[in-house]
Amino acid sequence: MTFTRRTFALTLGALALGACNSRPSSAPRSSAMRASSGLAPEMRPQPNAAYDAWVAAFKNRAGGYGLSNATISAGFRGAGYLPGVVARDRNQTEFKRSLEDYLSIAASDERIAKGRAAYARHRGTLNALEAKYGVDATIICAIWGLESQYGERMGDIPIISSTSTLAFDGRRGAFFEKQLVAALKIIQNGDISADRMVGSWAGAMGHTQFIPTSYQGFAVDFTGDGRRDIWSDDPSDALASTAAYLQRNGWTRGVRWGSESASGTLQPQAGGPKFATTSNFRAIKRYNNSDAYAIGVGHLSDRIAGAGPLRGSFPPDEFGLTKDDRIALQERLTARGFDTGGADGILGTKSRAAISGYQKSKGLPVTGEPSQELLRAL
C-alpha cells in the first residue's frame, strides 16, 4: 500500500473533526506547548515492562538507522508507554459523514471567519508561497484551517512516546517504527527538541499535521533560520511545507481545484450538489485521500476568498429531516434543558444523548434517534 501524508489516519475522520458535533478532538493550544502533566492520565507514560523491553531492543538496533546515542538518549528522556494511544488506535470507528454534515463542519461560519482573518494576517507569506510554489494562497490557508483550526489545535501528545507505543503495540508496527525513526532523525537534525515535538496521538504534527516521514520528505525552512519549524507560533515553515507538498504531488499553477457544477461527474451524496474537478483536486487528495476532504478544502478556500455558499441543496437524511429540521430539533431540545452541544444541524454524540434524555424523561422508548414525530412533539 502506498501511504499518502495521512492515509493511515483517515479513520480519524480527517481534519480532527471530533466526535461531538463540530467540536474538534484536540484541546485548544495555548501560546506555549502544554506540558505532559496537563494531559489526560491515559496519555501520560505508564509502567509497561514489555514496552520497556521493546524500547531496549530498538535502541540496540538504532545505530543501523543512523541514529546517534545522544539522539536516542534525548528522544527517549521522559518518554513512555501511552495506553490512551493504543486505545484510540484500536477503537477507531469506521463511519461516513454525509457530505452535507462534513461541509457544515469544514466550512462552518466560524472556520470561514477565522480563515479570512488568518489569511489577512498572513497575506504576505501566503502570497509569497503562491508565487514560489504555484499553489493558490487560499488553498494553503484552507488546509491549515481544516488540519488545525489555523494553529489552534495542533495536538499536545509527545511524538516519541506515541510513535514508539504504536510501534511496540504491533498492529501497524512496521509503519510506526518508520515514523519513530523519522521523528528521532528530525530531533537529530536540530529542527526541534524532543520535549517540543508534540502532535496528535497518531503522530501528525504542526500547523498542517505532517507525519514524521512526510516531514522528512517535504518540510521547508521558509524563514531561513536553519530549522524547519512547523510547530512555531509563526506558521510560515508549516504553510511552505504544505505548498511544497502539493507542488511535488502534481499541483498545476493557475488551475482551480474544481467547482460546483450541474454537469459535474462527482456527486458524493446522492441527491446533493455535483462537482466538476481538475487535476488539482487529485493533488489535494494526495494530502488526504478523501473526496469529501478535497471538496472541503476547495470550498473553504472559495469561501475564504469571498465566495458564497453552495447553490445546490441536499436531500433529507435517513430520518426524513433536512438540515433546518435538525437545527430546529437541537434548538428545541436545548430549550428544554437537554444539551446538544450547539445547534449546527449535525446530530453527533451530544445530540443523540440529548434525544435519549428527552425520550427517557417522557417515558418513551430510548433510541437516541431523531424523527419527524420527535420534532413535532418538541
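Residues numbered from 1 in each chain as written. Predicted model: local features only at pLDDT ≥ 70, side-chain atom pairs only at ≥ 80, totals over all residues. Heavy atoms only, no water.

*Asks:* What exactly am I supposed to notice about the overall build of the chain here?
*Replies:* If you tally the helices and strands in the chain, you get 16 helices and four strands. The burial tally for the chain puts 52% of its 378 residues in the buried class. Considering only intrachain contacts with a sequence separation of at least 6, the fraction spanning at least 24 residues in the chain is 69%. About 16,200 Å² of surface is accessible on the chain, with carbon and sulfur atoms providing 49% of the total. (Helix = DSSP H or I, 4+ residues; strand = E, 2+ residues; numbered from the N terminus. Buried < 20%, exposed > 50% of the residue type's maximum accessible area, 1.4 Å probe, protein only. Contact = heavy atoms within 4.5 Å. Areas by Shrake-Rupley, 256 points an atom, 1.4 Å probe, with all protein chains shown as cover.)

*Asks:* Would you mind going over the pattern of salt bridges with me for this structure?
*Replies:* By the definition in use, this model includes 18 salt bridges. In this structure, Asp 89 and Arg 171 form a salt bridge, with 3.0 Å as the shortest nitrogen-oxygen distance. You can see Asp 89 sitting in helix H3 (residues 83-90) and its partner Arg 171 sitting in the loop between helix H8 (159-169) and helix H9 (173-189), a full 82 residues away along the chain. Judged by relative accessible area, which is 48%, Arg 171 ranks as partly exposed. Arg 311 is paired through a salt bridge with Glu 260; the nearest N and O atoms lie 4.0 Å apart. Taken together, the residues span a long stretch of sequence, with Arg 311 in the loop between helix H13 (291-304) and helix H14 (323-335) and Glu 260 in strand E3 (residues 258-260) at a distance of 51 residues. Arg 311 gets classed as exposed once you look at its relative accessible area, which sits at 68%. Note on Glu 260: relative accessible area 15%, which makes it buried. What emerges from the salt-bridge pattern is a single network uniting Glu 100, Asp 101, Asp 317 and Arg 326. (Salt bridge = Lys/Arg side-chain N within 4 Å of Asp/Glu carboxyl O.)

*Asks:* Even after reading the chapter, I still don't get the packing of helix H5 (residues 109-121) against helix H7 (residues 137-148), so can you show me in this structure?
*Replies:* Two packed helices can be described by the angle between their axes and the distance between those axes. In the contact formed by H5 and H7, the axes pass within 10 Å of each other and the chain directions differ by 130°. The angle between H5 and H7 places the two elements in the oblique class. Note on packing geometry: the crossing formed by H5 with H7 is right-handed. Touching Arg 111, Gly 115, Ala 118 and Tyr 119 of H5 are Ala 137, Thr 138, Cys 141, Trp 144, Gly 145 and Leu 146, all from H7. Each residue belonging to the contact of H5 with H7 can be placed in one class, and the counts come to six nonpolar, three polar and one charged. (Axes fitted to C-alpha atoms, helices over the stretch in contact; angles between N-to-C directions. Parallel < 35°, antiparallel > 145°, perpendicular 65-115°, else oblique. Left-handed = near helix turned anticlockwise from the far one by under 90°. Nonpolar A, V, L, I, M, F, W, Y, C, P; charged D, E, K, R; others polar.)

*Asks:* Hey, could you run me through H5 in this one?
*Replies:* Think of an α-helix as turning once every 3.6 residues; residues three or four places apart then point the same way. Here H5 is 13 residues long and its end C-alpha atoms lie 18 Å apart, about the 18 Å a rise of 1.5 Å per residue gives. Those residues of H5 lying buried are Arg 111, Ile 112, Gly 115, Ala 118 and Tyr 119. One side of H5 holds all its buried residues, which, seen down the axis, span an arc of 130°. Opposite the packed face of H5, turned more than 90 degrees from it, sit the exposed residues Asp 109 and Arg 121. Packing partners of the buried residues in H5 comprise helix H4 (99-106), helix H6 (123-133), H7 and H13. (Expected span 1.5 Å × (residues − 1). Arc of directions from axis to C-beta.)

*Asks:* Before we go on, may I ask you to explain unusual backbone geometry in this structure?
*Replies:* Both trends apply: most residues other than glycine have a negative phi, and most peptide bonds are in trans. One non-glycine residue, Gln 149, adopts positive backbone phi at about 50°. One can find Gln 149 in the loop between H7 and strand E1 (157-158). Even without glycine at this site, Gln 209 takes up a positive phi of about 55°. Looking at the element boundaries, Gln 209 is found in the loop between strand E2 (198-199) and helix H10 (212-218). Judged by relative accessible area, Gln 209 falls into the buried class, the value being 5%.

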